[in-house]
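Listed below are the residues making up each chain.
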Amino acid sequence: MADGDIRHLQALDDADPLAAMRERFLLPSDIVYMNGNSLGPLCRDTQTRISRVIDTEWGQELIRGWNTAGWYDMAVRIGDKIGRLIGAEPGQTVVSDSTSVNLFKVVAAAVALRPERSKIVTEAGNFPTDLYVLDGLSRYVGQDCKVDICRRNDVFNAIDEQTAVVVLTHVHYMSGAIFPMAEINLRAREVGALVVWDLSHSAAAVATELDATGADFAVGCGYKHLNGGPGAPAFTYAAARHHPDMRQPLSGWFGHAKPFVFSDEFAPADGIRRMLCGTTPVLGASALEASVDVLLEVDAEEMYAKAKKLSRTFQELIEQYCDGLGLRLLSPRDTQWRGAHISYAHEQGYAVMQNLIAKGVIGDFRAPNGMRFGFSPLFMRYTDLHTAVQTIREILDSRSYLDPAYQQKHAVT
Ligand SMILES: *Cc1c(COP(=O)(O)O)cnc(C)c1O
């Protein structure tokens, strides 16, 4: 790579207002981590917090921890913190379960709010779990719930007077393409439909304004850009205007108005707590809280701006140095319309990614042929892009990915 380009990247790092945040993460020194969109890295604060939870809270407080260590309120407390990252006023977001489970709960609740309608609109090529959960829900509910899976460009017009609920992923898991949230919420509102947003790749990656754009419901992952750790609990948002009437089918005791009265009858809690089902996973939630606290220290606009700039710079370097080497952009060209990751197709995408990972540049592979690279603004450096693009170029140019070792498929790609 030309010296001028490297100097330019170094100058960007030197001027980066978020540069010091990298120190807050524990990252192996010999890798370029471009997969914070799939599994965020470990924050040092999380390490400290988890040790404390284990040693002092669980270890010493035992069952008393539910009162003395604040475990009981964690679901709403961390929910409110995540709310600040997704444009939600307090009291509308909770942390619990997985994104898949939360999706089932909110879509069921939304469908029940539109009893005279049966159509659910979603996108073909949406994240698989979203489609599978909708399939399961519609089989369970029966005639009153039919899923209309549209091509992306047809989604807007499919939202009509028969539509009960629209279920969309805000930032597409593969292409990173962003749906215009405000326009879709408005369209749905005009025809009396409700919208459920999957924010798995949005939270802490792109500016997201649920309240201001009139969103109804949302769900999203804790372990991606929120850095909550593998299998971290997920979040659920429901706009306050829906709270009095919404009912979700997994009515467990944590969603009860008075769980410790131990009544035989279910009475939903007021407000967002009724979206909860069972006991909060305290260890996972503690890890998530520690990493969300780190995210809340920085200026969100600065964070999103850096993610875009990293992504744009990477795209430019790929165009400049990997032209003619078989890569095809699968993402929108304009960073305004994509989230904090980018994907390229390559005939041998799986093997190329395995080769890259072996060389310390960690992205991931998404079938059938996509290589995905994430840009996490809190720990990535502009000079990391140099290492990454240089390695990609070497691998493609030498065809070292043809080595059979890189063809071997792992259970998780
Ligand atoms: C990662 C992701 C999920 C993951 O759901 P889990 O229940 O955590 O496995 C769901 N939806 C989208 C859009 C995702 O990107």
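No experiment lies behind these values; they were computed from the predicted model shown. (Residues numbered from 1 in each chain as written. Predicted model: local features only at pLDDT ≥ 70, side-chain atom pairs only at ≥ 80, totals over all residues. Heavy atoms only, no water.)

Asker: Quick question: what am I supposed to make of the domain arrangement of the protein here?
Answerer: For an interface, size is often stated in terms of accessible area lost upon the parts coming together. Domain boundaries in the protein define domain 1 (3–30 + 299–406) and domain 2 (48–295). Taking only C-alpha atoms, the centre of domain 1 and the centre of domain 2 are 30 Å apart. Domain 1 puts 24 residues into the contact, and the matching count from domain 2 is 19 residues. Together domain 1 and domain 2 conceal approximately 1,700 Å² of surface at their shared face, both sides included; 64% is due to carbon and sulfur atoms. Of all residues in domain 1, Y304, W337 and H341 give up the largest surface area on contact with domain 2, accounting jointly for 32% of the area buried on that side. Put simply, domain 1 and domain 2 have zero salt bridges between them. Where domain 1 touches domain 2, the interface holds eight residue pairs in polar contact (both at pLDDT 80 or more). Where the side of domain 1 that touches domain 2 is concerned, the elements lending two or more residues are α10 (300–321), β12 (341–345) and β15 (370–374). (Domains from an automatic or database assignment. Contact = heavy atoms within 4.5 Å. Buried area = accessible area lost by both parts, 1.4 Å probe. Salt bridge = Lys/Arg side-chain N within 4 Å of Asp/Glu carboxyl O. Polar contact = N/O pair within 3.5 Å; in protein donor to acceptor, adjacent residues only side chain to side chain. Helix = DSSP H or I, 4+ residues; strand = E, 2+ residues; numbered from the N terminus.)

Asker: Just checking my understanding: could you explain a nonpolar patch on the surface for this structure?
Answerer: A cluster of nonpolar side chains, namely I54, W58, L62, I63 and L283, defines an oily patch on the protein surface of about 510 Å² accessible area. Within the secondary structure, I54 sits in helix α2 (residues 44–61). (Patch = residues over 30% accessible without salt bridge, like charges linked within 9 Å, V, L, I, M, F, W, Y side chains within 5 Å. Areas by Shrake-Rupley, 256 points an atom, 1.4 Å probe, with all protein chains shown as cover.)

Asker: Looking at this structure, I do not really get a negative patch on the surface. What am I missing?
Answerer: A surface patch of like charges, here negative, comprises E209, D299, E301 and E302. Summarising the element assignment, E302 is placed in helix α10. Here E302 falls in the partly exposed class, since its relative accessible area comes to 34%. (Lys, Arg positive; Asp, Glu negative; His and termini not counted. Charge placed at Lys NZ, Arg CZ, Asp CG, Glu CD. Buried < 20%, exposed > 50% of the residue type's maximum accessible area, 1.4 Å probe, protein only.)

Asker: How should the site of the ligand be read in this particular structure?
Answerer: Residues in contact with the ligand amount to 13 residues; listed here are only the nearest, S100, D130, D198, Y223 and K224. Between the ligand and the protein, one listed contact pairs an oxygen atom with a side-chain N or O atom of S100 at 2.6 Å. One of the side-chain nitrogen or oxygen atoms of Y223 is found 2.7 Å away from an oxygen atom of the ligand. A total of 390 Å² of accessible area belongs to the ligand in isolation, and the protein chains cover 86% of it. Secondary structure elements with two or more residues in the shell around the ligand: α5 (99–112) and α6 (128–141). (Near = heavy atom within 4 Å.)

Asker: Could you clarify how one ought to interpret the packing of α2 against helix α9 (residues 282–295) in this entry?
Answerer: Think of two packed helices as two axes; the pair is described by the angle between the axes and how far apart they sit. Direction vectors running N to C along α2 and α9 enclose 145°, while the axes themselves pass 9 Å from each other. Both α2 and α9 take part in a crossing whose hand is right-handed. Residues D45, T46, R49, I50, V53, I54 and W58 of α2 form the contact with α9, whose own contacting residues are V282, L283, S286, A287, E289, A290, S291 and V294. The residue inventory of the contact of α2 with α9, partitioned by class, reads nine nonpolar, three polar and three charged. (Axes fitted to C-alpha atoms, helices over the stretch in contact; angles between N-to-C directions. Left-handed = near helix turned anticlockwise from the far one by under 90°. Nonpolar A, V, L, I, M, F, W, Y, C, P; charged D, E, K, R; others polar.)

Asker: Would you explain unusual backbone geometry in this entry?
Answerer: In the segment running from A367 into P368, the intervening peptide bond is cis, with an omega of 5°. Among the secondary structure elements, P368 is positioned in the loop between β14 (364–366) and β15. In this structure, L62 is a non-glycine residue whose phi angle is positive, near 50°. The phi dihedral of D97 falls on the positive side, at around 50°, and the residue is not glycine. Positionally, D97 belongs in the loop between β4 (93–96) and α5. With a relative accessible area of 30%, D97 lands in the partly exposed category.

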